[in-house]
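# Structural overview
Residue strings, one per chain:
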Amino acid sequence: MKTTTFIEVKNSDLDDLEHVNNSVYLTYLEAAREEWYKKAAGMTFQDMLEMNLGTVLIKLEILFKKEAVLGDHLEITTTPKKIGKTSFEFHQLILNQHREIVAEANVLNVMINLSTRKSVPVVRNIAANFRLIQERS
């Protein structure tokens, strides 16, 4: 299941060049993934904590295509891309209000046991969304 998150660029997101600082995109993308977990997998970060589970970002590739500026209304889509035994990857796309691509990212996560800090199989709530995508391919 693909989800969509909406963010308005605020003054605190800007750098000295008066566009969104590259580090802020990480926050945008994480907020959109958090929303994906809630909407698509039916799990919050708190739910995972209560299961003694967490997700760790191990690889992030971002291609910046157009600057975002104060007042822009951004739409971030988060789409399951592929899954392994303990890892899963999202594709995230950021569009501005003119439907122009601002940035796109591929994000690889690993599910871990919080006590052992070791990878564990991806939980069913998350994995089911990726398997649906693979079955359609």
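The sections below set out a description of the structure shown in this document. (Residues numbered from 1 in each chain as written. Predicted model: local features only at pLDDT ≥ 70, side-chain atom pairs only at ≥ 80, totals over all residues. Heavy atoms only, no water.)

### Digging into the overall build of the chain
Broken down by element type, the chain carries three helices and six strands. Ordering the α and β elements of the chain from the N terminus gives β-α-α-β-β-β-β-β-α. For 137 residues, the compact-globule estimate of 2.2 N^0.38 gives 14 Å, and the C-alpha radius of gyration of the chain, at 16 Å, lies within 12% of that figure. Each principal axis of the C-alpha atoms in the chain carries an extent, and together these give about 45 × 35 × 25 Å. Classification of the 137 residues of the chain by burial places 41% in the buried group. Across the chain, the fraction of contacts at a sequence separation of at least 24, relative to all contacts at a separation of at least 6, is 67%. Carbon and sulfur atoms make up 50% of the accessible area of the chain, which totals about 7800 Å². (Helix = DSSP H or I, 4+ residues; strand = E, 2+ residues; numbered from the N terminus. Rg over C-alpha atoms; globule rule 2.2 N^0.38 Å. Buried < 20%, exposed > 50% of the residue type's maximum accessible area, 1.4 Å probe, protein only. Contact = heavy atoms within 4.5 Å. Areas by Shrake-Rupley, 256 points an atom, 1.4 Å probe, with all protein chains shown as cover.)

### Some details on unusual backbone geometry
Excluding glycine, most residues fall at negative phi; most peptide bonds, likewise, are trans. Backbone geometry at Glu18 places phi at a positive 65°, although glycine is not the residue there. Within the secondary structure, Glu18 sits in the loop between strand S1 (3-8) and helix H1 (22-39). The phi torsion at Arg99 lies on the positive side, around 65°, for a residue other than glycine. Along the chain, Arg99 turns up in the loop between strand S4 (87-95) and strand S5 (101-113).

### Looking at H1
With 18 residues, H1 should cover 26 Å at 1.5 Å per step; its first-to-last C-alpha distance of 26 Å lies within 8% of that length. Residues Val24, Tyr25, Tyr28, Leu29, Ala32, Arg33, Trp36 and Tyr37 constitute the buried set of H1. (Expected span 1.5 Å × (residues − 1).)

### Focus: the packing of aromatic side chains
All chains considered together, the criterion is met by eleven aromatic pairs. Here the aromatic rings of Tyr25 and Tyr28 are separated by 5.8 Å at their centres, their planes lie at 75°, and the arrangement is edge-to-face. Of this pair, Tyr25 and Tyr28 both sit in helix H1, separated by three residues, roughly a single helical turn. Accessibility classification places Tyr25 together with Tyr28 in one group, the buried group. Chaining the aromatic ring pairs together yields one cluster made of Trp36, Tyr37, Phe45, Phe88, Phe90 and Phe130. (Phe/Tyr/Trp six-rings, centres within 6.5 Å; stacked < 30°, edge-to-face > 60°.)

### Focus on the pattern of salt bridges
For side chains bearing opposite charge, pairing can occur when the charged atoms are close. Counted by the stated rule, this structure contains seven salt bridges. With a shortest N-O distance of 3.4 Å, Asp13 and Lys10 are connected by a salt bridge. Glu61 is the salt-bridge partner of Lys59, the closest N and O atoms lying 3.5 Å from each other. With relative accessibility at 41%, the residue Glu61 sits in the partly exposed group. (Salt bridge = Lys/Arg side-chain N within 4 Å of Asp/Glu carboxyl O.)

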